[in-house]
Amino acid sequence: MIAFAASAIAFGLCCALIGVVYAVVLAWEDNPGNRWFGFLGRMRDAGGWRSWIASPLGGCAKCFSGQLALWTSSFITPWALDPISVGYHLVAACSAVIFAETLSHCYRWLRNQI
């Protein structure tokens, strides 16, 4: 049981790292995806239903990481209605959100220190 939870937390950390690189690092750097991130930024600033769509698509590191962890963890542990399966998916998604918040704050702090 402990190994199962540790696996979910490690998977959440991996998804958070991917989400922060995608939604924070690439959004701040000068790259070919600037038009995409500009479009997501305009959708988030518009508010309403557009911000709900833009956030999981890469406008928010926490939203992107949580969605990535929730849906890709289905490849590791198939969905079932038993408590262990549901717990695995929830722990993976929640840990991805927590790690994404921490990693994005660390990245922003380190970027300002350099």
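Refer to the preceding data block for the structure.
Bear in mind that the values here come from a model prediction, so they are computed numbers and not experimental data. (Residues numbered from 1 in each chain as written. Predicted model: local features only at pLDDT ≥ 70, side-chain atom pairs only at ≥ 80, totals over all residues. Heavy atoms only, no water.)

A.B. asks: Would you mind going over the packing of aromatic side chains in detail, with residue names and values included?
C.D. replies: Inspection of the entire model under this criterion finds five aromatic pairs. Pairwise contacts between aromatic rings join Tyr22, Phe37 and Phe64 into one cluster. (Phe/Tyr/Trp six-rings, centres within 6.5 Å; stacked < 30°, edge-to-face > 60°.)

A.B. asks: Give a description of the side chain of Ser95 that names residues and reports values.
C.D. replies: Relative to the helices and strands, Ser95 is located in helix H5 (residues 83–113). Of the polar contacts made by the side chain of Ser95, one reaches the backbone oxygen of Ala92; its length is 3.1 Å. With residues up to four places along the chain from it excluded, the contact list for Ser95 reads Ala8, Ile9 and Gly12. (Helix = DSSP H or I, 4+ residues; strand = E, 2+ residues; numbered from the N terminus. Polar contact = N/O pair within 3.5 Å; in protein donor to acceptor, adjacent residues only side chain to side chain. Contact = heavy atoms within 4.5 Å.)

A.B. asks: Describe helix H2 (residues 34–46), listing the residues and the values that go with them.
C.D. replies: For H2, built from 13 residues, the straight-helix expectation of 18 Å at 1.5 Å per residue is met to within 8% by its first-to-last C-alpha distance of 18 Å. Taken residue by residue, H2 has Phe37, Leu40 and Met43 as its buried positions. Here the buried residues of H2 occupy an arc of 120 degrees about the axis, which is enough to place them on one side. Among the exposed residues of H2, those oriented more than 90 degrees off its buried face are Arg35, Arg42 and Asp45. Tucked inside the fold, the buried residues of H2 contact helix H1 (2–28) and helix H3 (49–59). (Expected span 1.5 Å × (residues − 1). Buried < 20%, exposed > 50% of the residue type's maximum accessible area, 1.4 Å probe, protein only. Arc of directions from axis to C-beta.)

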